[in-house]
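Chain and residue survey
So the chains spell out like this:
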Amino acid sequence: MPTPPLPEHTRVVIIGGGVIGCSVAYHLGHMGWKDVVLLERDQLTSGTTWHAAGLMTTFGSTSETSVDMRMYTRDLYGKLEAETDQATGFEPVGFIELAADKDRLEEYRRVAAFNNMCGNEVVEISPDEVKALFPLCKTDDLLAGFYLKKDGRVNPVDCTMALARGARQQGVRIIQNVPVTGVTQSGGRVTGVTTDQGDIKCELVVNCAGMWARQLGATSGVTIPNPSTEHYYLITDPLQGMRRDLPIIADP
């Protein structure tokens, strides 16, 4: 499919078509910002989003803003399919965070108390209750688990596509296969972006370039403390007793 012609001017250019860029586009559209263009250098989710773990967990923060954003996101992924007719792969299988020493137990009790105050239900459960929910877990050295029934996982690609469709429904333009090569400015203010297919004048630029955000910011003299970090994952043979509906479990 040929790339559509770029507009000469728009109010906002979002750079990057991963889950963050598409989320920004979706939310700007719902706020009434119709004059928005998202530019993706390749295809949506082709950067780092496609191999994300897809965990939709809300536990761990003692920032009210962060807890509220996590709960909002969990609720959004639960209803986005009905809005866009695009599945997100959201499965509320639950989440358990484990505490195996007294210091961790004290920390998580503080986190749980704060989350419950914010309206995010966290239940402290015994090792036996952890075992009942996740039979494969070794629990003889645990002190407790902290269980969030509404948490779960999403499919990163499906979720991003749902956000993109929701953005388009609000009038946002998403253009793929257009690498942004720089941001133009005058007097300390953004004036546009340059691409390998022409320039777009704009008033605002949102850098959602993921692992490339730091390099993109550097072209404008902006330091973004966003280094790439190596992660790993394991692909196993089938494990007896491992079911898809088991809760996510985290052992720090």
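So, a few notes on the structure that sits alongside this text. (Residues numbered from 1 in each chain as written. Predicted model: local features only at pLDDT ≥ 70, side-chain atom pairs only at ≥ 80, totals over all residues. Heavy atoms only, no water.)

1. Details of a nonpolar patch on the surface
On the surface, Leu136, Leu239 and Met242 cluster together to form a nonpolar patch covering roughly 270 Å² of accessible area. As for its position among the elements, leucine 136 is in the loop between helix H4 (127–133) and strand S6 (144–148). Leucine 136 gets classed as partly exposed once you look at its relative accessible area, which sits at 41%. (Patch = residues over 30% accessible without salt bridge, like charges linked within 9 Å, V, L, I, M, F, W, Y side chains within 5 Å. Areas by Shrake-Rupley, 256 points an atom, 1.4 Å probe, with all protein chains shown as cover. Salt bridge = Lys/Arg side-chain N within 4 Å of Asp/Glu carboxyl O. Helix = DSSP H or I, 4+ residues; strand = E, 2+ residues; numbered from the N terminus. Buried < 20%, exposed > 50% of the residue type's maximum accessible area, 1.4 Å probe, protein only.)

2. Details of the sheet that holds S6
Read from one edge of the open sheet, four strands run S5-S6-S4-S12, paired in mixed fashion. Bordering the open sheet on either side are strand S5 (123–125) and strand S12 (248–250), each of which pairs with just one other strand. Here the strands of the sheet are splayed against their neighbours by 25° on average, with no regard to which way each runs. Direction of pairing for strand S4 (residues 95–99) relative to S6: antiparallel, over a ladder of five bridges. Bridging from a neighbouring strand, leucine 98 pairs with glycine 145 of S6. Packing against the sheet, helix H3 (residues 102–117) makes contact with S4, S5 and S6, and its axis sits at approximately 145° to S4. (Pairing = 2+ DSSP bridges. Axes fitted to C-alpha atoms, helices over the stretch in contact; angles between N-to-C directions. Contact = heavy atoms within 4.5 Å.)

3. Some details on the sheet that holds strand S1 (residues 9–15)
If you walk across this open sheet you meet the six strands as S8-S2-S1-S11-S10-S9, and the pairing is mixed. Sheet topology places strand S8 (173–175) and strand S9 (180–186) at the edges, where each strand pairs with a single neighbour. Across the sheet, the axes of successive neighbouring strands diverge by a mean angle of 40°, strand direction being ignored. Where helix H1 (residues 19–30) meets the sheet, its contacts fall on S1, strand S2 (36–39) and strand S11 (198–207), and the angle it forms with S1 comes to roughly 145°.

4. Considerations on unusual backbone geometry
Of note, threonine 45 is a non-glycine position whose phi angle comes to about 75°, a positive value. Turning to its location among the elements, threonine 45 is positioned in the loop between S2 and strand S3 (55–56). Of note in the backbone geometry, asparagine 177 takes a positive phi value of approximately 65° without being a glycine. By the secondary structure assignment, asparagine 177 is in the loop between S8 and S9.

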